[in-house]
Amino acid sequence: MARRRPNGGGTISERADGRYMGRAYVTDTDGNRVRNTVYGATWDEANEKLGKLQDQERHGVPVPSRAWSVGEWLDCWIEHIVRPNREDNTYDKYESKVRLYIRPHLGKKPLARLSAAQVRAFMATLTRQEIPAPTRFEVLRTLRNALNRAIKEEILTRNVALLVDMPKVSKDKGTAWNAREAIAFLRSARAHRFYAAWVLVLVLGLRRSDLLGLRWQDIEVLRPGPGGAPRASGAGAEDRR
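Engineer: Requested: an account of the packing of aromatic side chains, with residues and values cited.
Structural biologist: Considering all chains together, one arrives at five aromatic pairs under this definition. Both rings, one in Trp 77 and one in Tyr 94, keep their centres 5.1 Å apart while their planes meet at 40 degrees; by these two values the pair is tilted. Residue Trp 77 is located in helix 2 (residues 70–85), and its partner Tyr 94 is located in helix 3 (residues 88–106); the two are separated by 17 residues in the primary sequence. On the basis of relative accessibility, which here comes to 4%, the residue Trp 77 falls in the buried class.

Engineer: Tell me about helix 5 (residues 133–152), residues and numbers included.
Structural biologist: Along an α-helix, residues three or four apart share an orientation, since each turn contains 3.6 residues. The end-to-end C-alpha separation of helix 5 is 29 Å, in line with the 28 Å expected for 20 residues at 1.5 Å each. Listed in full, the buried residues belonging to helix 5 are Ala 133, Arg 136, Glu 138, Val 139, Leu 140, Thr 142, Leu 143, Arg 144, Ala 146, Leu 147 and Ala 150. Glu 154 lies just past helix 5 and shows a positive phi near 65 degrees.

Engineer: Please provide a residue-by-residue account of the side chain of Lys 97, values included.
Structural biologist: By the secondary structure assignment, Lys 97 is in helix 3. Buried and unpaired, Lys 97 has no salt bridge, with Glu 138 as the nearest side chain of opposite charge at 6.0 Å. For Lys 97, the residues in contact, after removing those within four places along its chain, are Ile 102, Thr 135, Glu 138, Val 139 and Thr 142.

Engineer: Outline the pairing of strand 1 (residues 11–14), listing residues and values.
Structural biologist: In terms of strand pairing, strand 1 meets strand 2 (residues 20–27) through four bridges, oriented antiparallel. Looking at strand 2, one finds that Glu 14 is bridged to Tyr 20. The turn joining strand 1 and strand 2, which pair antiparallel and follow one another in sequence, is formed by five residues; a positive phi near 95 degrees is taken by Gly 18.

Engineer: Describe the nonpolar core, naming the residues involved and giving the relevant values.
Structural biologist: Formed by 34 residues in total, the largest nonpolar core has its most connected members in Trp 73, Trp 77, Ile 102, Phe 122 and Leu 147. Those elements giving two or more residues to this core turn out to be helix 2, helix 3, helix 4 (116–128) and helix 5. For this core, the element with the highest residue contribution is helix 2, accounting for eight residues. With near-sequence residues (within four places) excluded, Trp 77 lies in contact with Val 82, Tyr 94, Val 98, Thr 142, Asn 145, Ala 146 and Arg 149. Formed by nine residues, the second largest nonpolar core is a distinct cluster that contains Ile 12, Ala 24, Leu 50 and Leu 53.

Engineer: I'd like to hear about the sheet that holds strand 1, residue by residue, with values.
Structural biologist: Overall, antiparallel pairing links the three strands, which are arranged 1-2-3 in an open sheet. The sheet is open, and its two edges are formed by strand 1 and strand 3 (33–40), each paired on a single side. Each strand of the sheet is rotated relative to its neighbour by a mean of 25 degrees, with strand direction disregarded. Contacts from helix 1 (residues 43–58) reach strand 1, strand 2 and strand 3 within the one sheet, and its direction differs from that of strand 3 by about 150 degrees.

Engineer: Outline the side chain of Asn 159, listing residues and values.
Structural biologist: Of note, Asn 159 is situated in the loop between helix 5 and helix 6 (179–188). Residue Asn 159 is classed as buried on the basis of its relative accessible area, which comes to 6%. In terms of polar contacts, Asn 159 uses its side chain to reach the backbone carbonyl oxygen of Arg 144, at 3.0 Å. Every residue in contact with Asn 159, bar those within four places of it in the chain, is listed here: Arg 144, Leu 147, Asn 148 and Ile 151.

Engineer: Mind laying out unusual backbone geometry, listing which residues take part and the relevant values?
Structural biologist: Unlike most non-glycine residues, Glu 130 shows phi in positive territory, near 60 degrees. One can find Glu 130 in the loop between helix 4 and helix 5. Judged by its relative accessible area of 70%, Glu 130 is exposed.

Engineer: Please set out the packing of helix 2 against helix 3 residue by residue, giving values where relevant.
Structural biologist: Where helix 2 meets helix 3, the axes come as close as 10 Å, and the angle between the chain directions of the two elements is 175 degrees. As judged from the angle between their axes, helix 2 and helix 3 are roughly antiparallel. Listed contacts from helix 3 to Val 70, Gly 71, Glu 72, Leu 74, Asp 75, Trp 77, Ile 78, Glu 79, Val 82 and Arg 83 of helix 2 are Tyr 91, Tyr 94, Glu 95, Val 98, Ile 102, Arg 103 and Leu 106.

Engineer: Which residues make up the pattern of salt bridges, and what values do they have?
Structural biologist: For the structure shown, the criterion picks out 10 salt bridges. Notably, a salt bridge pairs Arg 33 with Glu 57, separated by 2.6 Å at the nearest N-O pair. With Arg 33 in strand 3 and Glu 57 in helix 1, this residue pair connects regions lying 24 residues apart in the sequence. Assessed through its relative accessible area of 24%, Glu 57 is described here as partly exposed. Linking Glu 45 and Lys 49 is a salt bridge whose minimum nitrogen-to-oxygen distance equals 3.5 Å. Of this pair, Glu 45 and Lys 49 both sit in helix 1, separated by four residues, roughly a single helical turn. The structure contains a network of salt bridges with shared partners spanning Lys 93, Glu 138 and Arg 141.

Reading guide: rules and limits
- Residues numbered from 1 in each chain as written.
- Predicted model: local features only at pLDDT ≥ 70, side-chain atom pairs only at ≥ 80, totals over all residues.
- Heavy atoms only, no water.
- Phe/Tyr/Trp six-rings, centres within 6.5 Å; stacked < 30°, edge-to-face > 60°.
- Helix = DSSP H or I, 4+ residues; strand = E, 2+ residues; numbered from the N terminus.
- Buried < 20%, exposed > 50% of the residue type's maximum accessible area, 1.4 Å probe, protein only.
- Expected span 1.5 Å × (residues − 1).
- Lys, Arg positive; Asp, Glu negative; His and termini not counted.
- Salt bridge = Lys/Arg side-chain N within 4 Å of Asp/Glu carboxyl O.
- Contact = heavy atoms within 4.5 Å.
- Pairing = 2+ DSSP bridges.
- Core = buried A, V, L, I, M, F, W, Y, C linked by side-chain atoms within 4.5 Å.
- Axes fitted to C-alpha atoms, helices over the stretch in contact; angles between N-to-C directions.
- Polar contact = N/O pair within 3.5 Å; in protein donor to acceptor, adjacent residues only side chain to side chain.
- Parallel < 35°, antiparallel > 145°, perpendicular 65-115°, else oblique.

Functional significance is not addressed by these values, which are geometric in nature.
Spelled out as structure tokens, the structure:
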């Protein structure tokens, strides 16, 4: 008995050569509704490929109206995959690396023909332009992530950026302030609107994400003590003296 797909799920038919052909309407990169075709050795294989094609359509990933360029895929990846599913700061980081570095150098190259040698030459160009190593590290990581997603979407079969060594980034631990330097900084920053935040960073060692998540009702007001050192005031302050 012939198997059927649900209404709106496309069609699957057997070809004269014994293979199966699945067809469904999807949106291409030019915004047109087109009938796309997939093939399988069995009905089940064609059905699986057709399902993946329609999953892409539901998630807003268009099929290429022609062979993807690197720039076209990066634009699609940023807008349809990164923006809806990642936090704003992650989107901003990826978008800036694509716009400032990857697209100007690699954007016009055919995605399917991108080679490790081209990516390696691109990274060498950034080095000659004296782009800092941490920035080059993030640029290559962004490209790797974009190509990994292209593999997941079955647009690519391999990620050539993984064949290129990541730039070496020295980890500078910096030098911590002593108490006198910290107090001097707080004195000079007393009138700044971020003064309370800097007090919390210096006194409690909060990470930026923890600090930005605080509300005024979550903390007690800090006021300078003897010598300019911060001292708690408000509810509970007397209990800690």
